[in-house]
Structure formats: structure tokens, C-alpha cells
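One letter stands for each residue in the lines below.
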Amino acid sequence: MYDVIVLGGGPGGYKAAELAGKAGLKTAIIEKEHLGGMCLNRGCIPTKAYYSDIIGGCGNIEDMWDKKVRVVETLRGGIGHLMKLNNVDVISGEGSIIEVNDIKKIEVKTEQGTEEIVGKNLIIAVGSKCREIDFENNHIDEVISGDYGVNREDLWNSDEVKSVAIAGAGVIAIEFAFMLKALGKEVTILKHSDQILRSCDKDIKRKIKSIIKKKKINTIDYFSIEKVEKQEDNSIIVYGDSKKGYQEVKCDRLVMGSSMVPIVDGYGLKDTGIEYSEKGIKVDKSMRTNIEGVYAIGDVTGGMMLAHVAEYEAMAAIDTILGRDYTVDYDSVPACIFADPEIAYAGITEEEAKARGIDVQVGRAHFIANGMALAMGKTEGFVKVIADGDGKILGVHIMGPEASALIGEAALAIYAGLTAEQVAKCVHPHPTLSECFKDALFNVVK
Ligand SMILES: Cc1cc2nc3c(=O)[nH]c(=O)nc-3n(C[C@H](O)[C@H](O)[C@H](O)COP(=O)(O)OP(=O)(O)OC[C@H]3O[C@@H](n4cnc5c(N)ncnc54)[C@H](O)[C@@H]3O)c2cc1C
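Residues numbered from 1 in each chain as written. Predicted model: local features only at pLDDT ≥ 70, side-chain atom pairs only at ≥ 80, totals over all residues. Heavy atoms only, no water.

Here we come to the overall build of the chain. Assigned secondary structure in the chain consists of 13 helices and 24 strands. Radius of gyration (C-alpha) of the chain: 23 Å, near the 22 Å computed for a compact globule of 446 residues. Sorting the 446 residues of the chain into buried and exposed places 54% on the buried side. Intrachain contacts of the chain at a sequence separation of at least 6 include 61% that bridge at least 24 residues. (Helix = DSSP H or I, 4+ residues; strand = E, 2+ residues; numbered from the N terminus. Rg over C-alpha atoms; globule rule 2.2 N^0.38 Å. Buried < 20%, exposed > 50% of the residue type's maximum accessible area, 1.4 Å probe, protein only. Contact = heavy atoms within 4.5 Å.)

Right, here's the structure in full:
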């Protein structure tokens, strides 16, 4: 009998297994595809391997596909090693929940047949998938789901595709749009509304809109896809209604970059009594479901769908099993968007702060005045700090070079409840991009 069974080997699942094993708990992890989950195999890592070459200029485009494969395989091997190191049994197969009251029983279909795994605790970490949008011909090969798009060689490793339409204007859609455009393809974003990156700060949204225009990425507002038709020349036409009336978009591929939804079917959840809805499995702050000994972490809970959130939720679940006390502070979670330039933020926006009735202070600094940004030739963008009346940092929003690396300090400041003055007075090194954050902080200090 295992102490902990983990269903799903993504960043949530393998982190939970690693921590459980490290703590001396007898642990099994069940994975039906590859360890690393969506993040490693078709999400965060492959996209950033491309990004580092296409936009970051770290490698050459001809080798990009092979490099991505090498990076993914290296990291996959690393996770396998990590599991071994922590005495975790990796079971390759598709798991279905059979029983959750008292003992937890999972049936696993493996290549060798079917086996039953039993344990005292179960952690569900099966992830999410792209929301399926219903329209005629939505399953033809030219229509690509955003959560599988990075592994389509026709998009990234061939000249066959010259034009791409992307449905959605969230993170996946925007990252794909910038990279595919930089590869020389004609890109059209089919937006569900008039918004881009809905959860971002308003100044960032305004700026990204103008950058998208400058880069000649086409956008159509309020586009609702009705059907896709294949043409004789192997292209497709996407038909749909929009604010400007019925429109036809001719392209070679359509990427469905719409929002992600938790996976709540296909593994026996509905007969278990575990509380869930289409928005995800219901959990408390310690990642406990309503059934004792059953936890859910990561995208399947329908919260912030980010790999690092899944990892920290894993820590919360294992700490709870071990009788310790750790919960994720969602108010300081950083998020990154690898556009050009990068976008990163942690904490709340100016609008959210105002909506909460907070006496808001805003400090800004622009990369155009930063020595390192000028030296790098990357001066577009800014840092915006949101603080309350006492100067306590509530949110930091960055658009600019290395925004994703800079946001760590901001997340720590918010997590620790620090004021702009406390962080600004900590000496920042010169000449660095971090001075732009420091300058924005000093603009809040009275
Ligand atoms: C294109 C793209 C880019 C992204 N970029 C970023 C980024 O830059 N940063 C970031 O933080 N997030 C990013 N994400 C989101 C990130 O990938 C997810 O938030 C993260 O992978 C969620 O982790 P998880 O462990 O909850 O689930 P997953 O990573 O989805 O892992 C779930 C695992 O469970 C397995 N599984 C499912 N059902 C079963 C079953 N019945 N039996 C056995 N195994 C099963 C699956 O095969 C999978 O391996 C991106 C996503 C996409 C699609």
C-alpha cells in the first residue's frame, strides 16, 4: 500500500511525488504520456525554446526544432532521474479512479495489461485542455489545438505554412502570434472580444495593442467562427461573424488559442463523490477535496493555470499530508508573457486596487531612461508599481527587456508585504535593468 498515489506527471504531479518521496512516504506516480506533462512536453518549455531562438536571438532558426526536442528530452530524463532519486515508483499508463473512501484505489491500463494501485492518499493532477469550440470542420488537420500547437512541425519547422489565423487573445494566442510573425508568417488574431491579454494592467494592454499594430499582426474583434473550409490550393478559409459583419479569413492553418479548461472527465471522477464542476475540482487552501485523503492540484482545480502555481500547490498538498502548514499566496504569484517585449506581473492591477476601494499610489519608470536597456538597444516598455496609501506594494507590472526575470524581486516584495521604500532602499546594482524597478519604486516613496 502506498502512502501517496499521484495521478498525472506534470509539474504539479511530479513535484508532489518528489516531495512525498523525499519525506520518506511510499509514493507512486501514474502518467499516461510523458513525465513533465503539458508544461514540459507541449507548453512552457517548447514555446520558450522557440522564443529564445526566434525573439531572444540565442540560437539559429534552422536548428530550432531539433534544439527544442533536445531540451525537452533532457528535462524529461531529469524528471525520471528525480523520481528514482526519491524512490518514487513511476507507473506508465492511464489511471482511472475506482475507490476513494478509506483506501484509494486506481486502475491503471499499462502496456502489459491492467493493474490496481492502492494507497492512503490520492493527489489528482491531471491538468487542463484547450476549450473546444464547436464549428463546422473543427477537427480537420489544418485546425490546430493551442495545447498541441508547439509540436506541429508544419508550423515551426517548414516553409509550407505561410499564413496563420489564431483564435483567442490570451497568453497562448499572443505568444504564438509574436513568434509566428517573427518567423515571417502572415498572422491574424481572431479575438473573441475587443480585448487582448484581458488580465493585464491597462497600460500594458494599451501598449501591446500598438505594438501588435506596428508589427503588422492583423486583428479582428468579436470574431465568432462559424466554419472552416478547405480549398483546392491546400489553404483554408475561416468564416465567421465579427463586429464588422460576416468575414472570411484565408490562411494555411488555424490555431485554437482559446482558454484552457480543467480535465474532469475520462478518469472516473464522476462516480467518486469528489466535488467538482466544469470549472474544476473543488479544493480548500490546503488543496484538500471534500473526500478525506484526496487532494487536487494544478490546472485541474481551475485556478491560476500556471506551471509554478501547480508546483507550489503540490507543496501545499504534501505539507498537509505531513501535518505541516503551507498554503499558496495567490496574491503574489508572478505571471509571464513571452511577447516582444516580454510582459510580467505580480499582484493586483491599478483597476483592481481601485475597485477594492484602496487609496492607490502609482510609480512608473521607463526603460528608455535605463542605462542597460539603452546599451542592449531594448528601450521599449516600463515598470509600473501599485502601492496602497502606506506605500505597501500591491502589484508590479512590467513590459520590457527581461521582464520575466525582473518580476521575481517584485513577487518577493509583495509576498513579504514590503513597502516601496523598503525595497527601493535596498541597493540595486548598476548598470542593470533592475534599476528601472528601483526607479519606479522611488516614484512611490514620498
Ligand atoms: C502553449 C502553452 C504554453 C504555456 N506556457 C506556460 C509558461 O510559460 N509558464 C507557465 O507557468 N505555464 C505555461 N503553460 C501552462 C502550463 O503548461 C500548465 O499550467 C501546467 O502544465 C499545469 O500543470 P499540471 O501539473 O496541473 O498539469 P499538466 O502539465 O497538464 O500535467 C497533467 C499530466 O497528467 C497526465 N494525465 C492526465 N490524465 C491522466 C490519467 N487518467 N492517467 C495518467 N496520467 C494522466 C497528462 O498526460 C499530463 O502529463 C503553457 C501552456 C501551453 C499550452
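The rest of the description comes next.
The next point concerns the pattern of salt bridges. One pass over the structure, following the stated rule, counts 33 salt bridges. A salt bridge links K15 to E18, with the nearest nitrogen and oxygen atoms 3.1 Å apart. Of the two residues, K15 and E18 both sit in helix α1 (residues 11-22), three residues apart, roughly one turn of that helix. Per residue, the accessibility class of K15 equals that of E18, and both read buried. (Salt bridge = Lys/Arg side-chain N within 4 Å of Asp/Glu carboxyl O.)

Here we come to the site of the ligand. Neighbouring the ligand are 36 residues, the closest being E31, K48, G95, D299 and A307. Contact between the ligand and E31: an oxygen atom at 2.7 Å from a side-chain N or O atom of the residue. K32 places a main-chain nitrogen or oxygen 3.2 Å from a nitrogen atom of the ligand. Burial of the ligand by the protein chains amounts to 94% of its free accessible area of 1,000 Å². Ranked by residues supplied to the shell around the ligand, first place goes to helix α2 (residues 37-42) with four residues. Taken together, the residues that form the shell around the ligand break down as 14 nonpolar, 14 polar and eight charged. (Near = heavy atom within 4 Å. Polar contact = N/O pair within 3.5 Å; in protein donor to acceptor, adjacent residues only side chain to side chain. Areas by Shrake-Rupley, 256 points an atom, 1.4 Å probe, with all protein chains shown as cover. Nonpolar A, V, L, I, M, F, W, Y, C, P; charged D, E, K, R; others polar.)

Before going further, it helps to examine the environment of V90. With respect to the helices, strands and loops of the structure, V90 is situated in strand β3 (residues 88-92). In this structure, the C-alpha to C-alpha distance between V90 and T27, residues 63 residues apart in sequence, is 8.8 Å. V90 has contacts with I29, L35 and M83, leaving out every residue within four places of it along the chain.

To summarise the sheet geometry, strands pair through backbone hydrogen bonds and adopt either a parallel or an antiparallel arrangement. Spatially, five strands are ordered β20-β21-β24-β23-β22 in an open sheet, and the strand pairing comes out antiparallel. What marks the edges here is a single partner per strand, and that holds for β20 (334-337) and β22 (361-366). In this sheet, adjacent strand axes meet at a mean angle of 10° when their direction is disregarded. The sheet contacts of helix α7 (residues 202-214) involve β21 (343-347), β22, β23 (382-387) and β24 (393-399), and relative to β24 the element is tilted by about 10°. (Pairing = 2+ DSSP bridges. Axes fitted to C-alpha atoms, helices over the stretch in contact; angles between N-to-C directions.)

All right, on to the state of the cysteines then. Every disulfide links exactly two cysteines, by a covalent bond between their sulfur atoms. Tallying each qualifying case throughout the model produces zero disulfides. The structure places no disulfide on C58, whose sulfur is separated from the nearest cysteine sulfur, that of C336, by 16 Å. Looking at C436, it has no disulfide partner, and the nearest cysteine sulfur is the one in C336, 16 Å off. C436 gets classed as buried once you look at its relative accessible area, which sits at 1%. (Disulfide = S-S within 2.5 Å.)

In short, the description is geometric, and any link to function would need to be established separately.
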